[in-house]
Amino acid sequence: MKKENLKIICDQIAACKSCKLHETRNKTVPGEGDVNAKVMLIGEGPGAEEDQEGRPFVGRAGKLLEKILNSAGFKREDVFITNIVKCRPPNNRNPEQKEMKACSKFIDAQIAIINPKIIVTVGSISTKALISDLIGSDGITKLRGRIFDWRGIKVVPILHPSYLLRNPSVEEGKPKWHTWKDMLMIKELINKP
Ligand code: SF4
């Protein structure tokens, strides 16, 4: 039933013209992964490669995210990966508030159907979009690795892989190391009651 319900959302996204991003998109990027995933990753929006392929996190940043997932013991196909907005903002600009608001019905529906134990918000935009009421004015470097309780689901923000591409050091205390540690912590969190 979950699969069928997600397909309905997917079809609605494909036909959606609720914000101006539909004018410039090539393909909609609804998200993909295990419908019974315990972990759902949410980024901000599709980039150029994602817009071409209709799949989330397939560009350079996505490949790095997948590597980090794997090194922490996750397989990409065992999680569900999506974005706050399902169409690419032109020139990779940040999605606007009204675009995120127009698209929120889809992420809300996907979360309700999948009902994950943990949501990982990838980067500052999706973190703010989802849990703005809980985070005050802190930036992503202060929010990452913290656990927030949102509608009965644990939400853990992590740094965006695009940021990690610009900060490639794997030394202890550097952004990449923190992200790997955050993913290990998330892995442990799955098995906790
Ligand atoms: S970004 Fe979301 S709300 Fe805007 S057109 Fe695409 S699917 Fe519809």
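A brief look at the structure comes next. (Residues numbered from 1 in each chain as written. Predicted model: local features only at pLDDT ≥ 70, side-chain atom pairs only at ≥ 80, totals over all residues. Heavy atoms only, no water.)

This part takes up the site of the ligand. Residues in contact with the ligand, as listed here, are Cys16, Ser18, Cys19, Leu21, His22, Arg25, Lys86, Cys87, Ala102, Cys103 and Phe106. Its residues placed into classes, the shell around the ligand shows seven nonpolar, two polar and two charged. (Near = heavy atom within 4 Å. Nonpolar A, V, L, I, M, F, W, Y, C, P; charged D, E, K, R; others polar.)

Moving on, we get to the side chain of Ser126. Residue placement: Ser126 occurs in helix H5 (residues 124-135). Given the relative accessible area of 0%, Ser126 is considered buried. A polar side-chain atom of Ser126 sits 2.8 Å from the main-chain carbonyl oxygen of Ile42. Looking at Ser126, its side chain comes within polar contact range of the main-chain nitrogen of Val122, at 3.2 Å. When residues no more than four places from it in sequence are discounted, the contact partners of Ser126 are Ile42, Gly43, Glu44, Ile84 and Thr121. (Helix = DSSP H or I, 4+ residues; strand = E, 2+ residues; numbered from the N terminus. Buried < 20%, exposed > 50% of the residue type's maximum accessible area, 1.4 Å probe, protein only. Polar contact = N/O pair within 3.5 Å; in protein donor to acceptor, adjacent residues only side chain to side chain. Contact = heavy atoms within 4.5 Å.)

Here the focus is the environment of Ile81. Residue placement: Ile81 occurs in strand E3 (residues 80-83). For the pair Ile81 and Leu21, spaced 60 residues apart in sequence, the C-alpha to C-alpha distance is 20 Å. Every residue in contact with Ile81, bar those within four places of it in the chain, is listed here: Gly31, Glu32, Leu41, Pro56, Phe57 and Arg76.

Once that is clear, we can look at the pairing of strand E2 (residues 39-43). Burial analysis of E2 places five of its five residues in the buried class, the great majority of the element. Judged by which residues are buried, E2 turns out to be covered on both faces: Val39, Leu41 and Gly43 on one side and Met40 and Ile42 on the other are all buried.

Where helix H3 (residues 60-71) contacts helix H8 (residues 175-190), the axes come no closer than 9 Å and their chain directions differ by 50°. Taken together, the axis directions place H3 and H8 in an arrangement best described as oblique. For the crossing formed where H3 meets H8, the hand is right-handed. For the pair H3 and H8, the contacting residues are Leu64, Ile68, Leu69 and Ser71 in the first and Lys176, Thr179, Trp180 and Met183 in the second. Split into classes, the residues belonging to the contact of H3 with H8 amount to five nonpolar, two polar and one charged. (Axes fitted to C-alpha atoms, helices over the stretch in contact; angles between N-to-C directions. Parallel < 35°, antiparallel > 145°, perpendicular 65-115°, else oblique. Left-handed = near helix turned anticlockwise from the far one by under 90°.)

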